Amino acid sequence: MARRTRRDWPRVLAEQVWIDLWAMTAGTLVNGLLGAEPVPRVLRWLGYRALGLRVDTPNIFPGLRVAGRLRNVEIGAGTFLNRECFIEAVAEVRIGRDCQFGPQVAILTSHHPWTADGSVSKYPQGRSVRIGDRVWLGARTIVVPGVTLAPDVAVAAGAVVARDCLEPGLYAGVPARWVGPAKSADGADGARGVGS
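Residues numbered from 1 in each chain as written. Predicted model: local features only at pLDDT ≥ 70, side-chain atom pairs only at ≥ 80, totals over all residues. Heavy atoms only, no water.

## Quick look at a nonpolar patch on the surface
- Together, Leu29, Leu33 and Leu51 give the surface a local cluster of nonpolar side chains, amounting to about 240 Å² of exposed area.
- Topologically, Leu33 is positioned in helix H2 (residues 26-34). (Patch = residues over 30% accessible without salt bridge, like charges linked within 9 Å, V, L, I, M, F, W, Y side chains within 5 Å. Areas by Shrake-Rupley, 256 points an atom, 1.4 Å probe, with all protein chains shown as cover. Salt bridge = Lys/Arg side-chain N within 4 Å of Asp/Glu carboxyl O. Helix = DSSP H or I, 4+ residues; strand = E, 2+ residues; numbered from the N terminus.)

Below, the structure is given as structure tokens:
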């Protein structure tokens, strides 16, 4: 990535002003008011939609934090987000239908590349995250920028998803690796037990 020049600073300044204004206005409504404990789920859902989130489910528990452009977030019908999840929407985040997120799941989209002088850029580059239908993310799972999770993937609690998970089944560890097909307590394929 090339070094920033004087011509870049007006754009950089405008981005920083936008971030500050968002935090003082829509960010306060989304993260402060709508994410609060006493707000009923259906009112939270309607508020998110009114502010630009493309969310087709009222199943979002208190504490959701969204950072970035609300229009970058799409959440499918039947999906459930447990308490205190975090979605960083520097780039697009697309979450499919009928997904299950445990508490404190984090979806990240900002990448800070190395610069020509060997330092890390202060300016993020967005990398989209795509999560397929019926994906289950256990508590405190972290999904890093640019990752795709195929439909019917289950990720164990505490895992860090650092690369694409394209084969259905159970993933676990840091970084998350395919462990095998997801099994129920009776040994049948399909059920998940990921510590949500």
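Okay, back to it.
## Structural notes on the nonpolar core
- Counting residues in hydrophobic clusters, the biggest one holds 37 residues, and the most contacted among them are Ile87, Phe101, Ile107, Ile131, Leu137 and Leu149.
- Those elements that provide at least two residues to this core are H2, strand S3 (73-75), strand S5 (86-89), strand S6 (93-95), strand S11 (129-131) and strand S15 (153-155). (Core = buried A, V, L, I, M, F, W, Y, C linked by side-chain atoms within 4.5 Å. Buried < 20%, exposed > 50% of the residue type's maximum accessible area, 1.4 Å probe, protein only.)

## Remarks on the pattern of salt bridges
- Scanning the entire structure with this criterion turns up eight salt bridges.
- Between Glu37 and Arg83 there is a salt bridge, with its nearest N and O atoms 3.1 Å apart. One end of the pair, Glu37, is in the loop between H2 and helix H3 (41-50); the other, Arg83, is in the loop between strand S4 (80-81) and S5, and 46 residues separate them in sequence.
- With its nearest N and O atoms 3.4 Å apart, the salt bridge here joins Arg54 to Glu74. Note that Arg54 is positioned in strand S1 (residues 54-55) and Glu74 in strand S3, a separation of 20 residues in sequence.
- For Arg54, a relative accessible area of 35% corresponds to the partly exposed category.
- Relative accessible area serves as the criterion here: at 27%, Glu74 is assigned to the partly exposed category.
- The network of salt bridges with shared partners includes Arg54, Glu74, Glu92, Arg94 and Arg130.

## Notes on the sheet that holds S11
- Pairing is parallel in the open sheet, where five strands are placed in the order S1-S3-S6-S11-S14. The strands lining the two open edges of the sheet, one partner per strand, are S1 and strand S14 (148-149).
- Here two bridges tie S1 to S3, and the two strands are oriented parallel to one another. Bridging across to S3, Arg54 finds its partner in Glu74. (Pairing = 2+ DSSP bridges.)

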